[in-house]
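Okay, here's what each chain looks like letter by letter:
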Amino acid sequence: MSTERPIRTARELAEAGLIDAAAEEAISRVASRYTVAITPAVARLIDRGNPDDPIARQFVPDPAELTLAPDERSDPIGDSAHSPVAGIVHRYPDRVLLKAVHVCPVYCRFCFRREMVGPQGLGTLTTGELDAAIAYIAAHSEIWEVILTGGDPLVLSSRRLAEMLERLHAIAHVKVVRVHTRVPVVEPERIDADLIAALKASGKTTYVALHANHPRELTSKARTAAARLIDAGIVMVSQSVLLRGVNDDPEVLTELMRAFVETRIKPYYLHHPDLAPGTSHFRLSIEEGQALVDSLRGRVSGLCQPTYVLDIPGGHGKAVVSAGAISPEGGGCYTITDFRGNAHSYPPKE
């Protein structure tokens, strides 16, 4: 098997030395439920001699994914409750998500949209669906920002991406376009002149939010890819997920946030892990997360401080994980106040 194409099956994982041959049958069961893809760049990062490698933990399937916890749900942040047309999520007044594609170059084992992405997921918007999504944005003058997500929008060809962004150019009330992606880390060679031109095709202020969770992901090639974007006038921010066994350590978090800043990427969001199916082995308690984030205060530059947030299940939006927004109820449950001032139980009470 060529190391220059993505790894997608249990057999290929075994051949690449990423799982034991004895685990192939169990991993096949996981792969039949949740899509697998590991790019060559990611495969090269994995330390095969470390059974607890934090890169492998993010991308190599684990039989634990087939264990479902009672609080988990297929749409943990409630996208569907705020989707007026296919591909649009309008949860907050001044911004929408535009999910044109539900395919990724890699599939995170903790993904909160894992039931929607991959070949078995929601796929790519049809021409008619994309037309309706763009029409929705044009018809709602309160929309100031369009956030391209999915899936990973940078799996689209430069031509298709440019065509889609050019359609936003004519919508005067849209001022900002933000693109959420892992591509500079997992497929850095994809960040070329054609892709950069496509990203700027809207003529709007353009941000790229890079998802990375461990400092080792910011390789020299990833940093070069980020520099290409930034030098072209595209602002970059980060988003990370707080994950047990990956970055639940003050020194690792410090190194990750410093690596972002050194790469000219402003730390933005640190997400509490969502209640996605089969992901309980990644989740920390809110108290553990608060303690980790508090460990950065004062000890690490203010430039390196992300905002620690939790998406309230049911589509109620993000809450900053601070004393003002979250209060304990006891028994591992909390009351969380959303951006409208409404209180919600977490985990939700059925």
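This section reports on the structure supplied with the text.

Definitions and limits used
Residues numbered from 1 in each chain as written. Predicted model: local features only at pLDDT ≥ 70, side-chain atom pairs only at ≥ 80, totals over all residues. Heavy atoms only, no water. Helix = DSSP H or I, 4+ residues; strand = E, 2+ residues; numbered from the N terminus. Expected span 1.5 Å × (residues − 1). Buried < 20%, exposed > 50% of the residue type's maximum accessible area, 1.4 Å probe, protein only. Arc of directions from axis to C-beta. Contact = heavy atoms within 4.5 Å. Pairing = 2+ DSSP bridges. Axes fitted to C-alpha atoms, helices over the stretch in contact; angles between N-to-C directions. Phe/Tyr/Trp six-rings, centres within 6.5 Å; stacked < 30°, edge-to-face > 60°.

The next subject is helix H9 (residues 220-231). Look at H9: 16 Å from first C-alpha to last across 12 residues, which is about the 16 Å you get at 1.5 Å a residue. Ala 222, Ala 225, Ala 226, Leu 229 and Ile 230 are the residues of H9 that are buried. For H9, the arc enclosing every buried residue in end-on projection is 135°, short of the 170-degree limit, so these residues lie on one face. Those residues of H9 that are exposed and aimed more than 90 degrees away from the buried face are Ser 220, Lys 221 and Asp 231. Tucked inside the fold, the buried residues of H9 contact helix H7 (183-186), helix H8 (193-199), strand S5 (205-211) and strand S6 (235-241). Looking at the residues trailing H9, positive phi occurs at Gly 233, about 95°.

Let us look at the sheet that holds strand S10 (residues 326-330). If you walk across this open sheet you meet the three strands as S10-S11-S12, and the pairing is antiparallel. The open sheet terminates on both sides in strands that have one partner only, identified here as S10 and strand S12 (343-346). Neighbouring strand axes in the sheet, compared pairwise and without regard to direction, differ in orientation by 30° on average.

Before going further, it helps to examine the environment of Gly 341. Note that Gly 341 resides in the loop between strand S11 (333-337) and S12. Separated by 73 residues in the primary sequence, Gly 341 and Tyr 268 place their C-alpha atoms 23 Å from one another.

Helix length check: helix H5 (residues 127-139) (13 residues) gives 18 Å between terminal C-alpha atoms against 18 Å at 1.5 Å per residue, within 8%. Leu 130, Ala 133, Ile 134, Tyr 136 and Ile 137 are the residues of H5 that are buried. The buried residues of H5 occupy an angular sector of 155° when the element is viewed end-on, so they sit on one face. The exposed residues of H5 that point more than 90 degrees off its buried face are Thr 127 and Ala 139. Contact partners of the buried residues in H5: strand S1 (88-92), strand S2 (95-99), strand S3 (145-149) and helix H6 (158-169).

Evaluated as defined, the whole model comprises two aromatic pairs. Ring geometry for Phe 110 against Phe 282: centres 5.6 Å apart, planes inclined by 75°, an arrangement best described as edge-to-face. Within this pair, whereas Phe 110 is found in the loop between S2 and H5, its partner Phe 282 is found in the loop between strand S7 (266-271) and helix H11 (286-294), the two being separated by 172 residues in sequence. Side by side, Phe 110 and Phe 282 carry an identical accessibility label, which is buried. On the basis of an interplanar angle of 20° and a centroid distance of 4.1 Å, the ring pair of Tyr 268 and Tyr 269 is categorised as stacked.

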